[in-house]
Amino acid sequence: MDAQATTATTAHGAGVGAGSKNLMLKLIAAILLVSATSCTRQQSASSLNGDTGSGDSPASNPTSPPVNPQQYHRLVGSTGTSLFSIPTGGGSFESIQNLDPSKGQEPYGAMLKASDGKLYGLHSVGGSHGFGVLFQLDPSSGEYRIKHEFADTDGALPKGSLIQVQNGKLVGLATGGGNTGNGVIFEFDPAGDVYTVVHEFDAAESDGSNPYGALIESADGKLYGYAYAGGLNGAGTLYSFDLGSRTYQKEWTFDPTSGANPRGRLIQGADGLLYGLTYQGGANGCGVLFSFNTDTKTYTDLYDFTDTTGSYPKGSLLLVGEQLYGLTSAGGTSDKGVLFSFEPGATPAYQVKYNFDNVHGSTPEDSLVRAASDGALYGLTSAGGASDKGVLFTFNLESLSLTVLYDFTGQIPLGSLIEID
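One structure accompanies this document, and this report is about it. (Residues numbered from 1 in each chain as written. Predicted model: local features only at pLDDT ≥ 70, side-chain atom pairs only at ≥ 80, totals over all residues. Heavy atoms only, no water.)

### Examining unusual backbone geometry
Put simply, the test is: Counting from the N terminus, the helices are DSSP H or I runs at least four residues long and the strands are E runs at least two residues long. For the exposure calls, accessible area comes from a 1.4 Å probe over protein chains only, and a residue counts as buried if that area is under 20% of its type's maximum, exposed if over 50%, partly exposed in between.
Between Thr347 and Pro348 the backbone carries a cis peptide bond, its omega angle lying at -5°. Looking at where Pro348 falls in the secondary structure, it is placed in the loop between strand E23 (338-342) and strand E24 (350-355). One non-glycine residue, Asn358, adopts positive backbone phi at about 80°. Within the element layout of this structure, Asn358 appears in the loop between E24 and strand E25 (369-370). Among the residues examined, Asn358 registers a relative accessible area of 27% and is labelled partly exposed.

Take a look at the structure:
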């Protein structure tokens, strides 16, 4: 399929226990499961409007662009050891919270702005037990608070994001821990700081194990999510969960042929179908884009990723109008990953919008976000840029141009961005 022409400009962790070791061994086994069909190429707090903290700073980017008129909107994200913000459209980069093992480190998802106006997120390691924390950040004062420390028995190593459901509570996933060591679904009530495990993934792993990413609340009122591993084929499952009745239902079992080892979150299209990505599997072994009908329980492999058009997507899809947008961590003309679009029913449905080239970032490992203030897409790469530590970029949907807004120089960025005002 033809890649659309684009232009690019430059604007210039903690100790773990035996349960966690078991988790790592299982995740390695899940990766090896599909290797036979893999692609040929592998691969102190300040206010958000206050002074710049330590870590990556504007001094390391002396040619940062002038502040955008949308500067009252800010993008908030994280590296392994800090939380940062930057004005939407570009401007002064601010380190707003330095992280050490006691506060939690290495967040792999995006923060959530809850109805109380606070930001909530997950760190995959750190805290007093070393198994990660659930934290709160006040975007007005920059105050950072640990709200829950994972203790392994109640979940460990959360590698995803929180959602807020209709009853006001936050729901999330821990990739490991629980009584079985295979991960949990948990609920957190910010009104009373009450943490509750609502489901433990089974020891037999037949229903899936080690969930990554985040849940979604579907139009049918149920929560839907992924398990990265487990299932009958060891390649993960797609499941539903009724929060009211605490009922877990395996909806689909992934396999190396039609897609394996999903990592992000599902998204529901205007047609009511769920859309998602798998990291591996499919005709070329390097992931698929699929749909799932919750009424008929029908799974459809819509696109098989390839070396030339992008491979190994690690994040989630973003819905803009009738089109889905996403990132792959490898493949493309330089094997540095691509930014792509997919429009169900269109010909061609899949189009490469941008090939990463190392100069403007490479190896994007999470998801895009669309800014409400300017309509552009924003994202992070884990490598490439001036210091090969990754970049923060914006992509214009009209001109199909990518612009680097910030080159990281210290810790590489992790997870995804969120826009706040």
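### Describing the nonpolar core
Basically, it comes down to this: We call a set of buried Ala, Val, Leu, Ile, Met, Phe, Trp, Tyr and Cys residues a nonpolar core when their side-chain atoms join them within 4.5 Å.
Leu289, Phe305, Leu317, Phe340, Phe342 and Tyr350 are the most contacted members of the largest nonpolar core, which totals 22 residues. Those elements that place two or more of their residues in this core are strand E18 (274-278), E23 and E24. Per element, the largest residue contribution to this core is three residues, and it comes from E23. Counting 17 residues, the second largest nonpolar core, distinct from the first, contains Ala114, Phe150, Ala156 and Phe188.

### Observations regarding the pattern of salt bridges
Defined as follows: Salt bridges, as used here, are contacts in which a Lys or Arg side-chain nitrogen is within 4 Å of a carboxyl oxygen on Asp or Glu.
Tallying each qualifying case throughout the model produces eight salt bridges. Notably, a salt bridge pairs Glu94 with Arg74, separated by 3.4 Å at the nearest N-O pair. A residue pair is termed long-range when its members are at least 10 positions apart, and Glu94 in strand E4 (residues 94-98) and Arg74 in strand E2 (residues 74-79) qualify at 20 residues. When its relative accessible area of 8% is taken as the criterion, Glu94 is described as buried. With relative accessibility at 7%, the residue Arg74 sits in the buried group. The salt bridge involving Glu187 is made with Lys169; its shortest N-O contact spans 3.5 Å. In this pair, Glu187 sits in strand E11 (residues 184-189) while Lys169 sits in the loop between strand E9 (163-164) and strand E10 (170-174), placing the two residues 18 residues apart along the sequence. Its relative accessible area of 25% is what places Lys169 among the partly exposed residues. When salt bridges that share partners are traced, they join Lys169, Glu187 and Arg246 into one network.

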